[in-house]
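The residues making up each chain are set out below.
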Amino acid sequence: MSLFGVRVASDPLPPIPASGSANGRDSGYVSEAERICSTLRVFRDQRCEIRMRIGGSGDEILGRILDVSQREFLIEDIRPRSALSLFRARTTFSFAARVDGLYAFAEKATVISREEERGLPFFRVALPASLLVQQRRRDARYRLPMRVSARGASVILPRDITLNGRITDISVGGLRAEFPIQGTLPDRNETVHHCRITIPNLLEVTSTAVIRHVRMDVQRRVFECGIELTEMPITDRRRLEQFVQSLAKISAGR
């Protein structure tokens with residue numbers, strides 16, 4: 001049978017080279033948890049729909065990825081609402097998603113449990129054992145408008161000396177910020193707990209963060225950090241998503 005343009009179930013997926021090219025696209029199966037997580041985070045950050053099917057049913061179910069960790073990912077916004085009852089513990093389903101040239105497909109994912117946060121249901125799903133991935137693209141980040149930046153949009157990194165930086169752009173999955181040079185500079189891949197993001201009167205969230213790059217600007221006496229937001233309370237993740245969506249609309253001129 002056909003599912004989102006990929007043959008599955010009784011007609012198994014055809015083999016694809018670990019690294020190959022089809023119509024100029026790199027394609028292959030990935031089984032490393034970190035690679036699977038990084039791909040799913042792109043769909044999370046873009047708030048794009050994932051398309052799911054349970055068993056041999058031909059009915060398509062839509063949802064969105066709420067968050068991703070090393071062992072599981074969360075899905076929410078299940079549509080149609082009548083499909084909520086189908087997602088029970090140990091239910092398996094196939095899913096696919098596409099955004100900005102990035103495509104991913106998993107033949108089997110397993111529901112761990114159903115949860116609720118402030119009355120809104122979401123589902124914990126184990127990471128699939130493998131994922132078919134085609135052409136990875138970078139996450140979309142949005143530069144803060146001047147009227148927002150001027151309010152004091154900041155990120156605080158509690159370390160040996162607490163660092164307080166100015167946010168320059170942000171996405172659901174991370175941000176970029178400038179810090180005055182002081183104390184010991186963070187290392188690449190350093191984990192910082194209780195990172196706090198504050199945009200007065202608009203947003204305040206906390207997250208575990210990982211430093212992804214550090215660039216010095218000696219003349220200005222600042223350094224720039226790329227920061228990935230890895231583990232965040234669900235309520236905060238939803239607040240951040242709503243804020244980024246509003247920036248996307250401003251960027252699109254809507």
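Refer to the structure printed above.
These numbers were taken from a predicted model, which means no experiment stands behind them.

Caption draft 1: Structural view of the overall build of the protein chain. Scanning the protein chain from terminus to terminus reveals three helices and 18 strands. Counting every position in the protein chain, which comprises 254 residues, the buried fraction comes to 51%. Look at the contacts in the protein chain between residues 6 or more apart in sequence, and 58% of them connect residues 24 or more apart. In the structure as shown, the protein chain presents an accessible area of about 12900 Å², 48% of it carried by carbon and sulfur atoms.

Caption draft 2: Region of interest: the packing of aromatic side chains. All chains considered together, the criterion is met by five aromatic pairs. Residues Phe 73 and Phe 95 carry aromatic rings whose centres are separated by 5.6 Å and whose planes lie at 55 degrees to one another, so their mutual orientation is tilted. Of this pair, Phe 73 sits in strand S7 (residues 72-79) while Phe 95 sits in strand S8 (residues 92-99); the two residues are 22 residues apart in sequence, bridging distant segments of the chain. For Phe 73, a relative accessible area of 0% translates into the label buried. For Phe 95, a relative accessible area of 1% translates into the label buried.

Caption draft 3: Focus on the layout of surface pockets. Within this model, the second largest pocket holds a volume of roughly 330 Å³. Lining the second largest pocket are 17 residues, with Arg 47, Glu 76, Leu 120, Arg 238 and Gln 242 positioned closest to its centre. Elements that contribute at least two residues to the lining of the second largest pocket include exactly S7, strand S10 (120-126) and helix H3 (234-251). Ranked by residue count, the leading element in the lining of the second largest pocket is H3, at six residues. Its residues assigned to classes, the lining of the second largest pocket comprises four nonpolar, four polar and nine charged.

Caption draft 4: Highlighting the environment of Met 216. When you line up the elements, Met 216 lands in strand S17 (residues 203-217). Assessed through its relative accessible area of 40%, Met 216 is described here as partly exposed. It is 8.6 Å that separates the C-alpha atoms of Met 216 and Ile 181, two residues lying 35 residues apart in sequence.

Caption draft 5: Highlighting empty space enclosed by the protein. Under the definition given, this model contains one cavity of 30 Å³ or more. When its volume is computed, the largest cavity comes out at roughly 40 Å³. What lines the largest cavity is Glu 178, Arg 215, Asp 217, Arg 220, Val 222, Phe 223 and Glu 224. Where the lining of the largest cavity is concerned, the elements lending two or more residues are S17 and strand S18 (222-231). Among the elements that line the lining of the largest cavity, the one with the most residues is S18, at three residues. Grouping the amino acids of the lining of the largest cavity by side-chain chemistry returns two nonpolar, no polar and five charged.

Reading the values: rules and limits
Residues numbered from 1 in each chain as written. Predicted model: local features only at pLDDT ≥ 70, side-chain atom pairs only at ≥ 80, totals over all residues. Heavy atoms only, no water. Helix = DSSP H or I, 4+ residues; strand = E, 2+ residues; numbered from the N terminus. Buried < 20%, exposed > 50% of the residue type's maximum accessible area, 1.4 Å probe, protein only. Contact = heavy atoms within 4.5 Å. Areas by Shrake-Rupley, 256 points an atom, 1.4 Å probe, with all protein chains shown as cover. Phe/Tyr/Trp six-rings, centres within 6.5 Å; stacked < 30°, edge-to-face > 60°. 1 Å grid on protein atoms, 1.4 Å probe; cavity = no way out; pocket = protein on both sides within 12 Å on 5 of 7 lines; lining within 4 Å. Points joined across faces, edges and corners; volume = space filled by probe spheres on them. Nonpolar A, V, L, I, M, F, W, Y, C, P; charged D, E, K, R; others polar.

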